[in-house]
Protein chains: 2
Amino acid sequence: MPRPIEFDRDRARNAAMKLFWRQGYTATSLAQLLESMKIGRSSFYAAFTDKRSLFIECLELFAERTREILEQGHVPQQPLETARAFFENTTFAVPRWRVDAGCMMVNTILELSDVDADLSRRATVCLARIEQTFVWVFEHHVDDPRQAASVVMTLNKGIRVSSRARASEAELRQVISSTLSLLDRAA
Amino acid sequence: MPRPIEFDRDRARNAAMKLFWRQGYTATSLAQLLESMKIGRSSFYAAFTDKRSLFIECLELFAERTREILEQGHVPQQPLETARAFFENTTFAVPRWRVDAGCMMVNTILELSDVDADLSRRATVCLARIEQTFVWVFEHHVDDPRQAASVVMTLNKGIRVSSRARASEAELRQVISSTLSLLDRAA
DNA sequence: CCAGTTATGTACCAGTCGGTACATAATGTG
DNA sequence: CACATTATGTACCGACTGGTACATAACTGG
């Protein structure tokens, strides 16, 4: 039998995700990754193939977790409350650094759109899945669920930009509440 | 008298802006800049000091032009029409590559927030000036001009993300019209 | 036509990038 | 205890990064 693995793959991947999430793909160097993941070069390439492959894995992990947050905050029969819960759970019920980091999918789309079309496309697909979930949330409660989901996602994207621009908690709360009340009056 | 300058500084800067706008700061290499600006290394450093200094110059140029678009599309007494004109003039009345490139300020904020705080902050300040212009647009026409401007800017940021995600013209039109009608009903 | 001044082209720099090769260490099985 | 197997540490790689030094070119005023 071989020598056993010494590190926790999930923990390492998590540390990598944090780094990619905050700094983006290009600005995150292998040296930084190795340091934060606390593994050596060899173990890195043995376990994750590539910087790029690891990034893809992190991106999908992030997307999955985001969708979990959305689903766990789901308020049956009340789409707007579901949206409110999602914003609440992603921008106030989390440590500040997560707010500052924004949304990894949005960050990736903007960073790599004209640099690495494939990675950018992957992030777009992940975001589309979130939007699809919102369509499902709005179904049977509004005339045009797809349009409603699209508007909510546009607001969401805007909010992630503001988050990353280091907007104060008060400003974010203001933006979220006013956009949601807008949706409320429209529905 | 000295040897005369052989290149057009404004044209060169413009070419650089295009590149930074599309690829971001980090992903744009000096070699790419020199090629698209059609100048040599020496002329580059003589005329623009630095990659970083040039980026700042480009960012401010972009911000200035954006504000010009907003002001030129201004419809007196009709804030929402002003907003509509702004979206129209930035996403439909321009070549497709500009739409795909998104907003350079938004791109910069997301790319550099945790990498180069100063550049990110500069982009944030530029965006805030645009928002301030919207405050002025809404003044005397709604209860809370600052809030209205904030909402419009949130939608704007969201739309820039969608643009960069290669959304079709139809999708963009849909998002813009539905968000604007939302604002309309709320006002 | 020469001198002074400034722009341009090019060779070069140290530092960093992601990735690989290979020797060594640690394990279970025979 | 030797062996096969696999994980880990490290030296190394070519390519590229932004930036500098310096020789040369092009111009004008004397």
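The structure we're discussing is the one just above.
Residues numbered from 1 in each chain as written. Chains lettered and ligands numbered in written order. Predicted model: local features only at pLDDT ≥ 70, side-chain atom pairs only at ≥ 80, totals over all residues.

K.L.:
Explain the overall build of chain A to me, using residue names and the numbers behind them.
P.N.:
When its secondary structure is counted, chain A shows 10 helices and 0 strands. Overall, chain A shows an N-to-C arrangement of helices and strands of α-α-α-α-α-α-α-α-α-α. Judged by the C-alpha coordinates and their principal axes, chain A covers about 60 × 35 × 30 Å. Classification of the 187 residues of chain A by burial places 42% in the buried group. Long-range pairs, those at least 24 residues apart, make up 57% of the contacts in chain A with a sequence separation of at least 6. (Helix = DSSP H or I, 4+ residues; strand = E, 2+ residues; numbered from the N terminus. Buried ≥ 20, exposed ≤ 12 C-beta atoms within 10 Å, placed from the backbone. Contact = placed C-beta atoms within 7 Å.)

K.L.:
How would you explain the relation of the copies chain A and chain B if you had to name every residue and give the values?
P.N.:
Rotating chain A by 180° about the axis while translating it 0.0 Å along that axis superimposes it on chain B, leaving an RMSD of 0.0 Å. Such a combination of rotation and displacement between the chain copies is what one expects of a two-fold axis. In terms of proximity to the rotation axis, the leading residue of chain A is G158 of chain A, whose C-alpha is 2.0 Å off the axis. A shared interface surface links the copies, since 100% of the contact residues of chain A are contact residues in chain B too. (Least-squares fit on C-alpha atoms with pLDDT ≥ 70 in both.)

K.L.:
Could you give an account of the interface of chain A and chain B, with specific residues and numbers?
P.N.:
Taken together, the 35 residues of chain A in the interface contact 35 residues of chain B. Put simply, the parts of the chain that give the side of chain A that touches chain B at least two residues each are α1 (9-23), α7 (104-112), α9 (145-164) and α10 (169-186) of chain A. With 11 residues, the single largest contributor to the side of chain A that touches chain B is α9 of chain A.

K.L.:
Give a description of the environment of N107 of chain B that names residues and reports values.
P.N.:
With respect to the helices and strands, N107 of chain B occurs in helix α7 (residues 104-112). By the C-beta count within 10 Å, which is 29 here, N107 of chain B ends up buried. Separated by 55 residues in the primary sequence, N107 of chain B and R52 of chain B place their C-alpha atoms 16 Å from one another. Excluding residues that lie within four positions of it along the chain, N107 of chain B makes contacts with L110 of chain A together with G24 and G102 of chain B.

K.L.:
For the nonpolar core, give the residues involved together with the corresponding values.
P.N.:
One finds A16, F20 and M105 of chain A together with A16, F20 and M105 of chain B to be the most contacted residues of the largest nonpolar core, which totals 98 residues. Residues contacting M105 of chain B, with those up to four places away along its chain left out, are F62, A63, A123, C126 and L127 of chain B. (Core = buried A, V, L, I, M, F, W, Y, C linked by C-beta atoms within 7 Å.)

K.L.:
Go over the environment of L127 of chain A, please, and point to the residues and values.
P.N.:
On the secondary structure map, L127 of chain A appears in helix α8 (residues 117-138). Put simply, L127 of chain A and M105 of chain A are 22 residues apart on the chain and 6.6 Å apart in space, counted from C-alpha to C-alpha.

K.L.:
Can you tell me about the environment of Q32 of chain A, naming the residues and giving the values?
P.N.:
Residues and elements named next belong to chain A. In this fold, Q32 is placed in helix α2 (residues 30-37). According to the C-beta neighbour criterion, Q32 is partly exposed, with 14 such atoms within 10 Å. A C-alpha to C-alpha distance of 36 Å links Q32 and Q174, two positions 142 residues apart in sequence.

K.L.:
Before we move on, could you go through the packing of helix α4 (residues 51-72) of chain A against α7 of chain A and cite the residues and values that matter?
P.N.:
All names here are of chain A. Viewed as axis vectors pointing N to C, α4 and α7 meet at an angle of 140°, and their least axial separation amounts to 9 Å. When the axis of α4 is compared with that of α7, the two are oblique. On the side of α4, the interface is formed by L59, F62 and A63, while α7 contributes M104, M105 and T108. Looking at side-chain class alone, the contact of α4 with α7 contains 5 nonpolar, 1 polar and no charged residues. (Axes fitted to C-alpha atoms, helices over the stretch in contact; angles between N-to-C directions. Parallel < 35°, antiparallel > 145°, perpendicular 65-115°, else oblique. Nonpolar A, V, L, I, M, F, W, Y, C, P; charged D, E, K, R; others polar.)

K.L.:
Tell me about unusual backbone geometry, and name the residues and values.
P.N.:
In this structure, H140 of chain A takes a positive phi of about 70° despite not being glycine. Structurally, H140 of chain A can be placed in the loop between α8 and α9.

K.L.:
Go over α7 of chain B with me, naming the residues and quoting the values.
P.N.:
The element α7 of chain B is extensively covered by neighbouring structure, given that 9 of its 9 residues are classed as buried. For α7 of chain B, the set of buried residues is M104, M105, V106, N107, T108, I109, L110, E111 and L112 of chain B.

K.L.:
Account for the packing of helix α1 (residues 9-23) of chain B against helix α4 (residues 51-72) of chain B, with residues named and values stated.
P.N.:
Residue and element names in this part refer to chain B. It is at 9 Å that the axes of α1 and α4 come closest, and there the two elements cross at 85°. With respect to α4, the element α1 is oriented roughly perpendicular. Facing α1, whose interface residues are R13, A16, M17, F20 and W21, α4 presents L54, F55, E57, C58, L61 and F62. Here the contact of α1 with α4 is composed, by residue class, of 9 nonpolar, no polar and 2 charged.

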